[in-house]
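The lines below spell out each chain.
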Amino acid sequence: MITNQRPLSGGPTSSPHTSGQSYHQQNVPSINNIINAPQQDAMGQSHQQQMNGRGNGAGLNGPSLGLNLNHASGLVPDRPAVRATKGKYSLSDFIIQRTLGTGSFGRVHLVQSKHNQRFYAVKVLKKQQVVKMKQVEHTNDERKMLQRVKHPFLITLWGTFQDSRNLYMVMDFVEGGELFSLLRKSQVGDTDYFTFYYKYYSIFDYMDSLEEKRFPNPVAKFYAAEVTLALDYLHSMHIIYRDLKPENLLLDRHGHLKITDFGFAKEVPDITWTLCGTPDYLAPEVVSSKGYNKSVDW
């Protein structure tokens, strides 16, 4: 039986467009950056060390369910370090604004930090449902993969915590919603690339001006290029995504993509046989049960 896609998506962000070493040094994801924004002194140095003594991180691994959701140890030399999530936090650190989406495992809430006033999307997974649907391994994998990756076109996991009933994953808030919704509304006219480039302020303005329901070639190429860059990054880390579809592509305020929902992502150095994904989007290699590699993402 094919495991269907969990409809939850990591919530809607402003995507980082700044390149260069300074961006990566100042914007390293950490749960501390959510609860306490780094303060800069006159020399531009962060007071991060002052926050490191707040206690050990409350990860997804929970004694109440015995879920082993700790990040992998013994990293290979070429693997980037897993982002640390220090400090013990709870829902009391956030103000829940509204619900962004619901699914069989829980829901995604728009929240605002009481400490730095920033908005985030908190993905809430019901422990009982995760165990009942035999999704413990996929939940483990999702957290592991999100802790490892950092890319402008991938959703960012800022931290995790839990209570007796639920698992919580704090992620980017991506304002634009799903590409699937934009695709349903989109229409194509006779506007060429140069008219699009000079006339419209954003892709969203362009979409509002069209007449047939499909993306024009310039827009399709734009989104395909960003997906290609994101997948190439994942594959360079031997990660297979396995659930590429418009519903898992979110748009930030500038119209750029972010791939979300890493529930079926897995580190595969060579080949795997797991049958999973969304039925309507499965690659033939996955269904054939003959083993497959990173090529299924293409």
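Residues numbered from 1 in each chain as written. Predicted model: local features only at pLDDT ≥ 70, side-chain atom pairs only at ≥ 80, totals over all residues. Heavy atoms only, no water.

### Here's the deal with the overall build of the chain
Link 1 in the chain: Regarding its fold elements, the chain presents nine helices and nine strands.
Link 2 in the chain: Every one of the 298 residues in the chain was classed for burial, and the buried ones make up 47%.
Link 3 in the chain: Total accessible area on the chain is roughly 15,600 Å²; 50% of this is exposed by carbon and sulfur atoms. (Helix = DSSP H or I, 4+ residues; strand = E, 2+ residues; numbered from the N terminus. Buried < 20%, exposed > 50% of the residue type's maximum accessible area, 1.4 Å probe, protein only. Areas by Shrake-Rupley, 256 points an atom, 1.4 Å probe, with all protein chains shown as cover.)

### Concerning the nonpolar core
Link 1 in the chain: Counting residues in each nonpolar core, the largest one holds 34 residues, and the members touching the most others are Leu-154, Leu-179, Tyr-223, Leu-234 and Phe-262.
Link 2 in the chain: Residue assignment for this core shows that the elements contributing at least two residues are α4 (136–148), β5 (166–171), α5 (179–185), α8 (217–236), β7 (249–251) and β8 (257–259).
Link 3 in the chain: When residues in this core are grouped by element, the largest group, seven residues, is from α8.
Link 4 in the chain: Core analysis: the next-biggest nonpolar cluster, separate from the first, contains nine residues, Val-111, Val-124, Phe-161 and Val-170 among them. (Core = buried A, V, L, I, M, F, W, Y, C linked by side-chain atoms within 4.5 Å.)

### What to know about unusual backbone geometry
Link 1 in the chain: For Lys-134, which is not glycine, the phi torsion reads 55° and is therefore positive.
Link 2 in the chain: By secondary structure assignment, the location of Lys-134 is in the loop between α3 (127–132) and α4.
Link 3 in the chain: Under the relative-accessibility criterion, Lys-134 is labelled exposed at 72%.
Link 4 in the chain: Backbone geometry places Ser-289, a non-glycine residue, at a positive phi of 60°.

### Things to note about the pairing of strand β1 (residues 94–102)
Link 1 in the chain: Alignment of β1 against strand β2 (residues 106–113), held across seven bridges, turns out to be antiparallel. What sits directly across from Arg-98, in β2, is Leu-110.
Link 2 in the chain: Linking β1 back to β2 in an antiparallel pair, the connection comprises three residues. (Pairing = 2+ DSSP bridges.)

### Describing α4
Link 1 in the chain: Between its first and last C-alpha, α4 extends 19 Å over 13 residues, near the 18 Å set by a 1.5 Å rise per residue.
Link 2 in the chain: Of all the 13 residues making up α4, 10 are buried; the element is thus mostly covered by neighbouring parts of the structure.
Link 3 in the chain: When α4 is considered as a whole, its buried residues turn out to be His-138, Thr-139, Asn-140, Asp-141, Glu-142, Arg-143, Met-145, Leu-146, Gln-147 and Arg-148. (Expected span 1.5 Å × (residues − 1).)

### A look at the pattern of salt bridges
Link 1 in the chain: Applying the stated criterion to the full structure yields four salt bridges.
Link 2 in the chain: A salt bridge links Glu-267 to Arg-148, with the shortest nitrogen-to-oxygen separation between them at 3.2 Å. Separated by 119 residues along the polypeptide, Glu-267 in strand β9 (residues 266–267) and Arg-148 in helix α4 bring together distant segments of the chain.
Link 3 in the chain: Using a relative accessible area of 8% as the deciding quantity, one classes Arg-148 as buried. (Salt bridge = Lys/Arg side-chain N within 4 Å of Asp/Glu carboxyl O.)

### As for the packing of aromatic side chains
Link 1 in the chain: In total, this model carries six aromatic pairs according to the counting rule given.
Link 2 in the chain: With a centroid separation of 6.3 Å and 10° between ring planes, the pair formed by Phe-94 and Phe-161 is classed as stacked. On the criterion of sequence distance, the pair formed by Phe-94 in strand β1 and Phe-161 in strand β4 (residues 157–162) is long-range, its members being 67 residues apart. Like Phe-161, Phe-94 is buried.
Link 3 in the chain: Where Tyr-120 meets Trp-158, the ring centres are 6.4 Å apart and the plane angle is 75°; that geometry is what we call edge-to-face. Of this pair, Tyr-120 sits in strand β3 (residues 119–126) while Trp-158 sits in strand β4, placing them 38 residues apart in sequence.
Link 4 in the chain: Judged by its relative accessible area of 1%, Tyr-120 is buried.
Link 5 in the chain: Taken together, the ring pairs in this structure connect Phe-94, Phe-161 and Tyr-168 into an aromatic cluster.
Link 6 in the chain: Residue placement shows Arg-118 over the ring face of Trp-158; its charged tip is 5.6 Å from the ring centre. (Phe/Tyr/Trp six-rings, centres within 6.5 Å; stacked < 30°, edge-to-face > 60°. Lys NZ or Arg CZ within 6 Å of the ring centre and 35° of its normal.)

### Topic: the pairing of β3
Link 1 in the chain: For β3, the tally of buried residues reaches six of eight residues, placing the bulk of the element in the interior.
Link 2 in the chain: Across seven bridges, β2 lies against β3 in antiparallel orientation. Among the inter-strand pairings, Val-111 is bridged to a residue of β3, identified as Tyr-120.
Link 3 in the chain: In textbook terms, the turn of a hairpin is the stretch between consecutive antiparallel strands, and for β2 and β3 this stretch comprises five residues, one of which, Gln-117, has a positive phi near 65°.
Link 4 in the chain: As judged from the six bridges shared by β3 and β5, these two strands associate in the antiparallel manner.

### Some points on α8
Link 1 in the chain: Helix length check: α8 (20 residues) gives 28 Å between terminal C-alpha atoms against 28 Å at 1.5 Å per residue, within 8%.
Link 2 in the chain: When we look at burial in α8, the residues that qualify are Pro-218, Val-219, Tyr-223, Glu-226, Val-227, Ala-230, Leu-231, Tyr-233, Leu-234 and His-235.
Link 3 in the chain: Residue His-238 follows α8 closely and has a positive phi angle near 65°.

### Quick notes on the sheet that holds β4
Within a sheet, adjacent strands bond to each other through the backbone by hydrogen bonds, running parallel or antiparallel.
Link 1 in the chain: A sheet is described by the order of its strands in space; here five strands give the open sequence β1-β2-β3-β5-β4, paired in antiparallel fashion. The open sheet has two free edges, formed respectively by β1 and β4, since each of these has just one partner strand. Geometrically, the sheet is characterised by an average inter-axis angle of 25° between neighbouring strands, direction not taken into account.
Link 2 in the chain: Seen against the sheet, α4 touches β3, β4 and β5 and runs at an angle of roughly 25° to β5. (Axes fitted to C-alpha atoms, helices over the stretch in contact; angles between N-to-C directions. Contact = heavy atoms within 4.5 Å.)

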